[in-house]
Amino acid sequence: MDKKVIETTNAPGAIGPYSQGWVVGDFVYASGQIPVDPATGAVGEGIAAQTEQSCKNVKAIMEAAGVTMDNVVKTTCFLAEIADFAAFNEVYAKYFTSKPARSCVAVKDLPKGVLCEIEAIAVK
């Protein structure tokens, strides 16, 4: 089976012992993307800005793998506060227009104290 590591400077580099993602056969697996701007390392204020950046980071990984956001079939989303669910969905819906299957949960903490993280699986 063909497999390849995804590496792009258009999404943040891994901050631990993992990769940005993998292409395995016809599937693309993107690691969870927190809202770090890959050019500056900055994190925006508020859930809307952070969701926007996390989505942009997922999009960059998908593009590096040769697919679009419409190829995403499953996401898992993590929120620091479930009260941010509606605001998160408003931004998320602009990027994931094909409405992939999804899980969205609130967690105790996220890396770097961010408010959201999104991981995705796509099919070629």
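Residues numbered from 1 in each chain as written. Predicted model: local features only at pLDDT ≥ 70, side-chain atom pairs only at ≥ 80, totals over all residues. Heavy atoms only, no water.

**Considerations on the overall build of the chain**
Counting its secondary structure elements, the chain contains 2 helices and 6 strands. When the helices and strands of the chain are listed from N to C terminus, the series reads β-β-β-α-β-α-β-β. Taking 124 residues into account, the globule formula puts the C-alpha radius of gyration at 14 Å, and the chain, at 13 Å, falls close to it. Projecting the C-alpha coordinates of the chain onto the three principal axes gives extents of approximately 40 × 30 × 20 Å. In the chain, buried positions account for 41% of the 124 residues. (Helix = DSSP H or I, 4+ residues; strand = E, 2+ residues; numbered from the N terminus. Rg over C-alpha atoms; globule rule 2.2 N^0.38 Å. Buried < 20%, exposed > 50% of the residue type's maximum accessible area, 1.4 Å probe, protein only.)

**As for the pattern of salt bridges**
For the structure shown, the criterion picks out 1 salt bridge. With a closest N to O distance of 3.5 Å, Glu52 and Lys94 form a salt bridge. With Glu52 in helix α1 (residues 46-64) and Lys94 in helix α2 (residues 85-95), this pair connects stretches of sequence that are 42 residues apart. In this structure Glu52 comes out as partly exposed when scored by relative accessible area, which is 22%. (Salt bridge = Lys/Arg side-chain N within 4 Å of Asp/Glu carboxyl O.)

**Some thoughts on the side chain of Ser19**
Turning to its location among the elements, Ser19 is positioned in the loop between β1 (3-6) and β2 (21-24). Excluding its chain neighbours within four sequence positions, the residues that come into contact with Ser19 are Val5 and Ser31. (Contact = heavy atoms within 4.5 Å.)

**Comments concerning the pairing of β2**
Only one face of β2 is buried, namely the one carrying Gly21 and Val23, since none of Trp22 and Val24 on the opposite face is buried. Both β1 and β2 contribute to a ladder of 4 bridges, which runs antiparallel. Considered in β2, the bridge of Lys4 is made with Val23. Taken together, the 4 bridges between β2 and strand β3 (residues 27-33) define a ladder with antiparallel strand orientation. Within the sheet, the bridge partner assigned to Gly21 lies in β3 and is Ala30. (Pairing = 2+ DSSP bridges.)

**Concerning α2**
Listed as buried for α2 are Phe88, Val91, Tyr92 and Tyr95. Each buried residue of α2 sits inside an arc of 105° when the element is viewed along its axis, so together they form one side. In this structure, α2 carries Ala86, Glu90 and Lys94 as exposed residues pointing more than 90 degrees from its buried face. Against α1, β4 (72-79), β5 (101-106) and β6 (116-123) lie the buried residues of α2. (Arc of directions from axis to C-beta.)

Function-wise, these values are silent; they only describe arrangement.
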